[in-house]
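# Working through the structure, step by step
What follows is the residue order along each chain.
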Amino acid sequence: MSRSVPVIHVRDLRKTFGKVRALDGLDLSVRPGEVHGFLGPNGSGKSTTIRILLGLIRATAGRVELFGADPWREAAGLHGRLAYVAGDVALWPGLTGGQCLDVLGATHGGVDRRRRDDLIARFDLDPAKRIRDYSKGNRQKVALVAALAAEAELLILDEPTSGLDPLMEQAFQQCVRERREDGVTVLLSSHILGEVEALADRVSIIRRGRAVTTGSLAELRRHTRTSVHAVTIAEPEGLAGAPGVADCVCERADGRVDARFTIDAEHLDAAIGRLHAARIHTLTVTPPSLDALFLHAYGETLDARETGETLAEATR
Amino acid sequence: MSAGAGTADPRRPRLNTMAGIVWRTQRRTILVWVAALAAGMIGTAAAVAGLYDTPAEIHTYAEAVTSGSALAAINGAVEGIDSLGGVIQDEFGFLASFLLPLLGITLIAGSTRREEESGRLETILGGRIARHQPALAALTVATAAILATAVLFAAGLVLEGVPVSGAILYSAALGALAFVFAGFAALLAQLVLHARGVYTWSLIGLAAAYVLRGIGDTTGTGLVWLSPLGWAEKTAPFGDQRWWVLALPAVAGLVMGGAAVWLAARRDLGSALLRGGAGPAGATRVRRGPIGFAAWIHGPATAGWLSGGILLTAMMGALARPFLDAMAGNPALGRAMGVAAGRPLDGFVAATQLYLAVIAAGYVIQAIGALRTEEADGRLATRLAGTLSRNRWLAAHGAVIAAGLLLIVVGSSLVLALTTAWSVGNTDETGAIMAAGLAYLPAELVLAGLALALFGRWPRAFALTWAAYAAATFIALLGPGLDLARWVLDLAPTTHVGSPPVGTAQAGSLTALSLVAAVLIMAGFTAFHRRDTS
Ligand SMILES: Nc1ncnc2c1ncn2[C@@H]1O[C@H](COP(=O)(O)OP(=O)(O)O)[C@@H](O)[C@H]1O
Ligand SMILES: [Mg+2]
């Protein structure tokens, strides 16, 4: 497969369940070797997209290609090249964790036994315990270990860390980075911005079944504002009126000037020049977080419910 | 580039991978069913062979049974009944009509829709398993289990002295019966949303097949040929031996199973033809209370078992008159059914009430099993997280289940009383029928107590309750006919009821049964109060 052919290519994808329009013209493209963040609030259509990509459900309309082939017709053959962790991990309560790993491994194209054992240790799993005695987080870990140990070219992870504690989330992120080093492509769906921010090379944001925006984090950040906090000896001249500067607040404190403002990326250099002229004492520059990006992408059209959700997640 | 298209690709989806997964995840259920069924059938055969060991005895049995249509309605019309195989087929007729179809239904429902409903199938299909393969693998494994059961049974029959060809044909007919219902359940699993729906609709289909076969056998019409139970009967393994009839269940099972596989490849995962629409956004006041909530949970099962009870009692009541006529012409029939001379109708009612007790006990065990499911699925923890205490939760469910039991017993007995009165033309038997129904309540509560005690103390061993139920049913229905030892008969709670109205229900025995039930129920409550919930 040439590097230019996308691993996942989706154009104008539509899916309706009876009267519910789950996907309404979605576009998505995932390049080989990248970690692609697939971001959107609950009910926006992430899991539906993934199920169509896996050929578990059939698209109502639109074009879907996985490794350049039609996933509905060639589902099982294509699945030999990928590993999937479902949003709601359900396993067999009567089997042990190790037995479940074997059962799941049988459905994969191949399993790297050494990596599997290594992952079991890193995720602190007890493979002799029965699934019904595991916590939700531990069940999630079984599914993650199975997927990460598979000999796959593509990992499709649907909200993979929803049950993990922060320590395990760190372990998970490290494992995903290692898989990417091995050349594996990753599609990572999430409604948690921090998780995607830590891992993704590129991000697509989906809302109500449509992609709102897509691009690298740097590209997306270009449209958002950087926050600057500086303490200078003298008063910076003409800062409030300088091009690209907004929300400017300057206060005198302890004989120094405390300046806070936001600025768009292209005017940063000029603004720092003005601060420099006023002799910088301390300087903090904060790039826009994905949270801000998310809010930006949603613009003013956020309805109350989504605002609540998004902000709740943003403060996690 | 099209991945996985080449036939030599090791990543090509393989059916045996999926069959291996089905076996691995279901093998306990499969082994228990196959072993229990084979043991039960071979045990029956052995007991019959021991009891009817001379041609003269077999002949007397055959004479007795063939003279009444009521027995044909229950056990089926057995061709060639004047032989050891024929007697076995007749004795096993009623239980086999339910157990073999249930084997097929259980194996399929457990490995198809239940897996899909739980979300496990999504993970499996995310691997290199094609969409149609889970259904196909489930059918393959179920067929293998059915074959194993049939082979074991045939071997057992031959060992007991049944002619080889008859033994093989009879076992094959029973296996084919299970196969039809496996195909039926596989098809239903593609159409309904929940595993519970697969059971419900399969059992409705089974009830319809049973009624069709019963009406066909008593009226001697072709209706028998519309029922899979009729096909098994028409193979006539100990009569004319119509091997070709085996083609009917084989084709029906293959067509339905094939349709299931075809549909599975073409439909969305998680979809169903029949699915509930949106519901009310809030719960009504009644449903929010513990009793109302419990009633909502047990409602469908209560309705199902009540339908079964009404179906049985209505059919039997309607046959009361033909039965009396047959008795008048043949006193041997009375002896075969253990009915005292001079009071044939009492004996008829007693037999029917025993079947009803089996239904009622099945209901309580299933209802208490639903509590275990609530717990295992984590819904109990949600319920108890609020102000509701454990004991109130259990008491609310207990009260609702007890009310359901009473409804099933009284409702079905009433139907039996009405249909019997209609059939024989007087209401002389009404009081006796109602009293007999109520007399079985303590015995049913003993099984309920056992279920509750296991739920309270060893919830993971709840399946043992079903094993006890199966054993008690086997002893209650077949024990007296097979002349089992007294102590074996005494193991079944229903034995101690005394078979009213043909016998008398002893107040002492009923009190003892009630005490045992009370102790078990209290033990269940106490243990549940103390243990961890999961
Ligand atoms: N099988 C289904 N039947 C009906 N509606 C569905 C079904 N699956 C998903 N939906 C609806 O489609 C929308 C998108 O759901 P989903 O893809 O699960 O969102 P996400 O994964 O982003 O939270 C939701 O409104 C959901 O209710
Ligand atoms: Mg989702």
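This report concerns the structure included in the present document. Keep in mind the model is a prediction, meaning the values are calculated, not measured.

Right, let's get into the overall build of chain A. In terms of helices and strands, chain A carries 11 helices and 13 strands. Residue burial in chain A is summarised as follows: out of 316 residues, 51% are buried. For chain A, the share of sequence-separated contacts (at least 6 apart) that also reach a separation of at least 24 residues comes to 67%. Of the accessible surface of chain A, which amounts to about 14000 Å², a share of 48% is contributed by carbon and sulfur atoms.

Attention now goes to the packing of helix α9 (residues 164–191) of chain B against helix α10 (residues 195–219) of chain B. All names here are of chain B. Viewed as axis vectors pointing N to C, α9 and α10 meet at an angle of 140 degrees, and their least axial separation amounts to 9 Å. For the element pair α9 / α10, the angle class is oblique. In the packing of α9 onto α10, the handedness of the crossing is right-handed. Between α9 and α10, the residues in contact are Phe181, Phe184, Ala185, Leu188 and Ala189 and Val198, Trp201, Ser202, Gly205, Leu206 and Ala209, respectively. Residue composition of the contact of α9 with α10, by class: 9 nonpolar, 2 polar and no charged.

What follows covers the site of ligand 1. All names here are of chain A. Near ligand 1 you find Phe17, Val20, Ala22, Pro41, Asn42, Gly43, Ser44, Gly45, Lys46, Ser47 and Thr48, and these make up its full shell. Serine 44 has a polar backbone atom sitting 3.3 Å from an oxygen atom of ligand 1. Separating an oxygen atom of ligand 1 from a backbone N or O atom of lysine 46 is a distance of 2.8 Å. Compared with its free state, where it exposes 560 Å², ligand 1 has 67% of that area covered by protein. Elements with a contribution of two residues or more to the shell around ligand 1: β2 (20–30) and α1 (46–53). In terms of residues, the shell around ligand 1 owes the most to one element, α1, which gives 3 residues.

So, about the pattern of salt bridges. Residue and element names in this part refer to chain B. Summed over the entire model, instances satisfying the criterion amount to 35 salt bridges over all chains. Between glutamate 375 and arginine 372 there is a salt bridge, with the nearest N and O atoms lying 3.3 Å from each other. Of this pair, glutamate 375 and arginine 372 both sit in helix α17 (residues 344–376), 3 residues apart, roughly one helical turn. The exposure class assigned to glutamate 375 is buried, which follows from its relative accessible area of 0%. One salt bridge connects glutamate 374 with arginine 379, and the closest N-O pair in it is separated by 2.9 Å.

So, about the sheet that holds β2(A). Residue and element names in this part refer to chain A. The strand order across the open sheet formed by 3 strands is β2-β1-β4, and the pairing between neighbours is antiparallel. Looking at which strands have only one partner, the edges of the open sheet turn out to be β2 and β4 (61–66). Geometrically, the sheet is characterised by an average inter-axis angle of 25 degrees between neighbouring strands, direction not taken into account. The strands touched by α1 are β1 (8–17), β2 and β4; relative to β1, the strand with the most contacts, the crossing angle is about 115 degrees.

Each value, and the rule that gives it
- Residues numbered from 1 in each chain as written.
- Chains lettered and ligands numbered in written order.
- Predicted model: local features only at pLDDT ≥ 70, side-chain atom pairs only at ≥ 80, totals over all residues.
- Heavy atoms only, no water.
- Helix = DSSP H or I, 4+ residues; strand = E, 2+ residues; numbered from the N terminus.
- Buried < 20%, exposed > 50% of the residue type's maximum accessible area, 1.4 Å probe, protein only.
- Contact = heavy atoms within 4.5 Å.
- Areas by Shrake-Rupley, 256 points an atom, 1.4 Å probe, with all protein chains shown as cover.
- Axes fitted to C-alpha atoms, helices over the stretch in contact; angles between N-to-C directions.
- Parallel < 35°, antiparallel > 145°, perpendicular 65-115°, else oblique.
- Left-handed = near helix turned anticlockwise from the far one by under 90°.
- Nonpolar A, V, L, I, M, F, W, Y, C, P; charged D, E, K, R; others polar.
- Near = heavy atom within 4 Å.
- Polar contact = N/O pair within 3.5 Å; in protein donor to acceptor, adjacent residues only side chain to side chain.
- Salt bridge = Lys/Arg side-chain N within 4 Å of Asp/Glu carboxyl O.
- Pairing = 2+ DSSP bridges.

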